[in-house]
Amino acid sequence: MKRIRVHSVEQYVAEIGPLMKQGLPLYRADDVGDGLLGVGFTGADTEVLISIEEFKQTGDLVKYGELIEPFEPEGKKTQKVKGDKK
């Protein structure tokens, strides 16, 4: 299992985005004891982790949603981006 530790929202999205785009099954890989948020991808044997503090310092859920949106497969959008226009 490859565990990738990143330090910003941008790095987090850069690592998980291409795997999401492939449509690989995603699972939570949080490490609560160390204060890390994370996701893993079945079939890629990869988990990507970021500290809660770094996530808050380098972005937020709105920024994450804006960055991850292009990687989400059509019909499977999981993030609602603030300011979406219809």
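(A) Fine view of the packing of helix H1 (residues 9–21) against helix H3 (residues 61–68). Where H1 meets H3, the axes come as close as 10 Å, and the angle between the chain directions of the two elements is 40°. Between H1 and H3, the interaxial angle falls into the category oblique. The two elements H1 and H3 meet at a crossing, and its hand is right-handed. Residue-level contacts link Val 9, Glu 10, Tyr 12, Val 13, Ile 16, Gly 17 and Met 20 of H1 to Lys 63, Tyr 64, Leu 67 and Ile 68 of H3. Its residues placed into classes, the contact of H1 with H3 shows 8 nonpolar, 1 polar and 2 charged.

(B) Region of interest: the confidence of the model for the chain. When pLDDT is averaged across the chain, the result is 87; 86% of the residues are at 70 or more. Across the chain, element-level confidence peaks in strand E4 (residues 46–51) with a mean pLDDT of 97 and bottoms out in H3 with 90.

Rules and cut-offs
Residues numbered from 1 in each chain as written. Predicted model: local features only at pLDDT ≥ 70, side-chain atom pairs only at ≥ 80, totals over all residues. Heavy atoms only, no water. Axes fitted to C-alpha atoms, helices over the stretch in contact; angles between N-to-C directions. Helix = DSSP H or I, 4+ residues; strand = E, 2+ residues; numbered from the N terminus. Parallel < 35°, antiparallel > 145°, perpendicular 65-115°, else oblique. Left-handed = near helix turned anticlockwise from the far one by under 90°. Contact = heavy atoms within 4.5 Å. Nonpolar A, V, L, I, M, F, W, Y, C, P; charged D, E, K, R; others polar. pLDDT = per-residue confidence, 0-100.

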